[in-house]
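# Tertiary structure, described
Below, each chain spelled out in residue letters.
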Amino acid sequence: MKDKLTLIIFSDNLDRALAAFNLATGAASMGIDVSMFFTFWGLNILRKKKEISKSKNFIKRIFKKINRGGADRLKLSKFHMFGIGTFLMKNFMKELNIPSIKEMISLAKNLGINIIACNTTMEIMGLKKEDLISEVDEIAGVATYLSKAKDSRINLFI
Amino acid sequence: MKDKLTLIIFSDNLDRALAAFNLATGAASMGIDVSMFFTFWGLNILRKKKEISKSKNFIKRIFKKINRGGADRLKLSKFHMFGIGTFLMKNFMKELNIPSIKEMISLAKNLGINIIACNTTMEIMGLKKEDLISEVDEIAGVATYLSKAKDSRINLFI
Amino acid sequence: MKDKLTLIIFSDNLDRALAAFNLATGAASMGIDVSMFFTFWGLNILRKKKEISKSKNFIKRIFKKINRGGADRLKLSKFHMFGIGTFLMKNFMKELNIPSIKEMISLAKNLGINIIACNTTMEIMGLKKEDLISEVDEIAGVATYLSKAKDSRINLFI
């Protein structure tokens, strides 16, 4: 049986996203079968920078403007400091040739990593399929996650 | 062997609690054996809204007033915005007929999910059994958790 | 086969560090083989209080001064309150004879727990081997973690 890894990405912090993609791409390049399940704030990583769908609900429309998506909008969970800390971290990464989250998503895709968006979160946040980047393989729920996790040697909630 | 899932609920954020109970109730309704281990801030989810026991330690009494418990007092980890964001999130959930955390605790109970409160946390926080809601099955420590997790296919720290 | 536990310690909050070391030392004393992998902010737990190496990069030098290390500098993720909450928590722990994080590191070491520092984080943060406490067994990357996690019954991301 092939080794499997599942990751639930709950957070949209730059640091946690980095950890998740490092684990995922590292595992995939070792031949491990990887599924990444993006839920709650984590779904923001998979959103297009510019919203496509318009929610009928006025409040939801406002909330979508505040809770913005886009892989290059992620902030550090600590020392964001109005953008200075996050800017520095991105520079430290660039100097070391560590790819950005956007590049890591492409890399993940090329390595055959399964990218899943949580359907409940999409309903709560008022998001539609067209609001997500094209790298998303599947929109699915907790049952899909659990059936994958049951057969995986490593399951992490990030 | 029956599939098993254990969850450590460390946080008392509304969003993480939601993720935990979604996973737990989803798994239980698929026939998976679920244990939820509430520790540290996560224990606040299992506290009665009104404290019953009185700590002899004055400082601990103050701390219990600041670090308040109750499943309907949970806040979002992001965009709480003095209650506005959390209020909106609860409304988004209600519109979609997603149960509240309080209702999810009852649902978990009905599905036979094992609800465990961490004994070390209770000592640290100065809490007694009578401060916790009746849905709690067991007050136990790390050894109990580990013996369950050892036999589980999925173990997550939320 | 001996039971194994791996922990990724991503955070440098006092509360999460406590949870991690409680799980780790609890497991080790039950005869479980434990590996703790410290990454990102979590690496701060393994740093000497006084920096030894000097980065040539001026910005990195500043960042190291802001993002300070040392096991006794950890703060609560909630109710830090300019140090008051963290101070109180440490006192609650002392009253119950719960060891400090510094003591827990020694205890972990005595119990044979494997303490691993993430090499990518060290590069990003501009840290050298001499900046870390002597309890660190190994500086390694994601491949080392994954090969351990594949053979472990319990894997948690804290």
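Above this text is the structure in question.
Computed from a predicted model, the values in this text were never measured in an experiment.

So, how was this worked out
- Residues numbered from 1 in each chain as written.
- Chains lettered and ligands numbered in written order.
- Predicted model: local features only at pLDDT ≥ 70, side-chain atom pairs only at ≥ 80, totals over all residues.
- Heavy atoms only, no water.
- Helix = DSSP H or I, 4+ residues; strand = E, 2+ residues; numbered from the N terminus.
- Rg over C-alpha atoms; globule rule 2.2 N^0.38 Å.
- Buried < 20%, exposed > 50% of the residue type's maximum accessible area, 1.4 Å probe, protein only.
- Pairing = 2+ DSSP bridges.
- Right-handed = clockwise from strand over helix to strand, strands pointing away.
- Least-squares fit on C-alpha atoms with pLDDT ≥ 70 in both.
- Contact = heavy atoms within 4.5 Å.
- Buried area = accessible area lost by both parts, 1.4 Å probe.
- Salt bridge = Lys/Arg side-chain N within 4 Å of Asp/Glu carboxyl O.
- Polar contact = N/O pair within 3.5 Å; in protein donor to acceptor, adjacent residues only side chain to side chain.
- Nonpolar A, V, L, I, M, F, W, Y, C, P; charged D, E, K, R; others polar.
- Expected span 1.5 Å × (residues − 1).
- Patch = residues over 30% accessible without salt bridge, like charges linked within 9 Å, V, L, I, M, F, W, Y side chains within 5 Å.
- Areas by Shrake-Rupley, 256 points an atom, 1.4 Å probe, with all protein chains shown as cover.
- Lys, Arg positive; Asp, Glu negative; His and termini not counted.
- Axes fitted to C-alpha atoms, helices over the stretch in contact; angles between N-to-C directions.

What follows is about the overall build of chain A. Helix and strand counts for chain A come out as 6 helices and 5 strands. Listing each helix as α and each strand as β along chain A from the N terminus yields β-α-β-α-α-α-β-α-β-α-β. A globule of 158 residues ought to have a C-alpha radius of gyration of about 15 Å, and chain A, at 16 Å, matches this closely. Buried positions account for 54% of the 158 residues belonging to chain A.

With that settled, consider the pairing of strand β3 (residues 114–118) of chain B. Residue and element names in this part refer to chain B. Extensive coverage of β3 is indicated by the burial of 5 of its 5 residues. Of the two faces of β3, both are covered, the one formed by Asn114, Ile116 and Cys118 as well as the one formed by Ile115 and Ala117. Bridge analysis of strand β2 (residues 33–38) against β3 gives 4 bridges, and the strand direction is parallel. Paired with Ser35 across the bridge in β3 is Asn114. On the question of chirality, the crossover connecting β3 to the parallel strand β4 (residues 138–140) by way of helix α5 (residues 119–125) is right-handed.

Another aspect to go through is the relation of the copies chain A and chain B. For the pair chain A and chain B, the best superposition has an RMSD of 0.0 Å and corresponds to a rotation of 120 degrees with a translation of 0.0 Å parallel to the axis. Look at the turn and shift together and you get a three-fold axis relating the two. Each copy contacts the other with its own distinct surface, as only 16% of the interface residues of chain A are interface residues in chain B too.

When the parts of a complex come together, some accessible area is lost, and that lost area is often taken as the interface size. Contacts between the two partners involve 26 residues from chain C and, on the opposite side, 29 residues from chain A. Contact between chain C and chain A buries roughly 2,500 Å² in total, counting both sides, with carbon and sulfur atoms accounting for 76%. At the boundary of chain C with chain A, the tally comes to 2 salt bridges. Asp12 of chain C serves as the salt-bridge partner of Lys78 of chain A, at 2.8 Å between the closest nitrogen and oxygen. Where chain C packs against chain A, one counts 6 residue pairs in polar contact (both at pLDDT 80 or more). A per-element tally of the side of chain C that touches chain A places helix α6 (residues 142–150) of chain C first, with 7 residues. Considered class by class, the residues forming the side of chain C that touches chain A number 15 nonpolar, 6 polar and 5 charged.

Further remarks concern the pattern of salt bridges. Where charged atoms of side chains with opposite charge meet at close range, the side chains can pair. Residues and elements named next belong to chain C. As enumerated under the stated definition, the model contains 21 salt bridges over all chains in all. With a closest N to O distance of 3.6 Å, Lys2 and Asp33 form a salt bridge. Of this pair, Lys2 sits in the segment before β1 (4–9) while Asp33 sits in strand β2 (residues 33–38), and the two are 31 residues apart along the sequence. Lys2 gets classed as partly exposed once you look at its relative accessible area, which sits at 48%. Of the residues examined, Asp33 reaches a relative accessible area of 34% and is grouped as partly exposed.

Time to look at helix α1 (residues 14–29) of chain A. Residue and element names in this part refer to chain A. For α1, with 16 residues, the first-to-last C-alpha span of 22 Å sits near the 22 Å given by 1.5 Å per residue. Summarising burial for α1: 14 of the 16 residues are buried, a large majority. Following α1 by one or two positions, Gly31 has its phi on the positive side, about 90 degrees.

The next point concerns a nonpolar patch on the surface. Together, Phe58, Ile59, Ile62 and Ile66 of chain A together with Met81, Phe82 and Ile84 of chain B give the surface a local cluster of nonpolar side chains, amounting to about 720 Å² of exposed area. A total of 4 residues in the nonpolar patch trace back to one element, the largest contributor, which is helix α2 (residues 58–66) of chain A. Relative to the elements of secondary structure, Ile66 of chain A occurs in helix α2. Assessed through its relative accessible area of 38%, Ile66 of chain A is described here as partly exposed.

On the side of chain B, 29 residues touch chain A, which itself brings 25 residues to the contact. Carbon and sulfur atoms supply 76% of the area that chain A and chain B bury against each other, a total of about 2,500 Å² over both sides. Interface area lost by chain A to chain B is led by Leu146, Lys150 and Phe157 of chain A, which between them contribute 26%. Seen at the junction of chain A and chain B, the total is 2 salt bridges. For the pair chain A and chain B, the interface holds 6 residue pairs in polar contact (both at pLDDT 80 or more). Mapped by element, the contributors of at least two residues to the side of chain A that touches chain B are α2, α5 (119–125), α6 (142–150) and β5 (154–157) of chain A. For the side of chain A that touches chain B, the element with the most residues is α6 of chain A, which contributes 6 residues.

Let's shift gears to the side chain of Lys64 of chain A. Relative to the helices and strands, Lys64 of chain A resides in helix α2. Among buried charged residues, Lys64 of chain A stands out as having no salt bridge; its nearest opposite-charge side chain is Asp131 of chain A, 4.3 Å away.

Residue and element names in this part refer to chain B. The sheet built from 5 strands is open, its strands ordered β4-β3-β2-β1-β5 with parallel pairing. Looking at which strands have only one partner, the edges of the open sheet turn out to be β4 and β5 (154–157). Across the sheet, the mean angle separating the axes of adjacent strands is 20 degrees when strand polarity is ignored. In this sheet, β4 lies alongside β3 in parallel orientation, the contact comprising 3 bridges. Looking at β4, one finds that Ala117 is bridged to Ile139.

Residue and element names in this part refer to chain C. In space, the 5 strands of this open sheet follow the order β4-β3-β2-β1-β5, with parallel pairing throughout. Since the sheet does not close on itself, it has two edges, and those belong to β4 (138–140) and β5 (154–157), each with one partner. Each adjacent strand pair in this sheet contributes to an overall mean axis angle of 20 degrees, direction not counted.

Of the transformation placing chain C onto chain A, the axial shift is 0.0 Å and the rotation is 120 degrees, giving an RMSD of 0.0 Å. A share of only 15% of interface residues in chain C that are also interface residues in chain A marks the association as one of differing surfaces.

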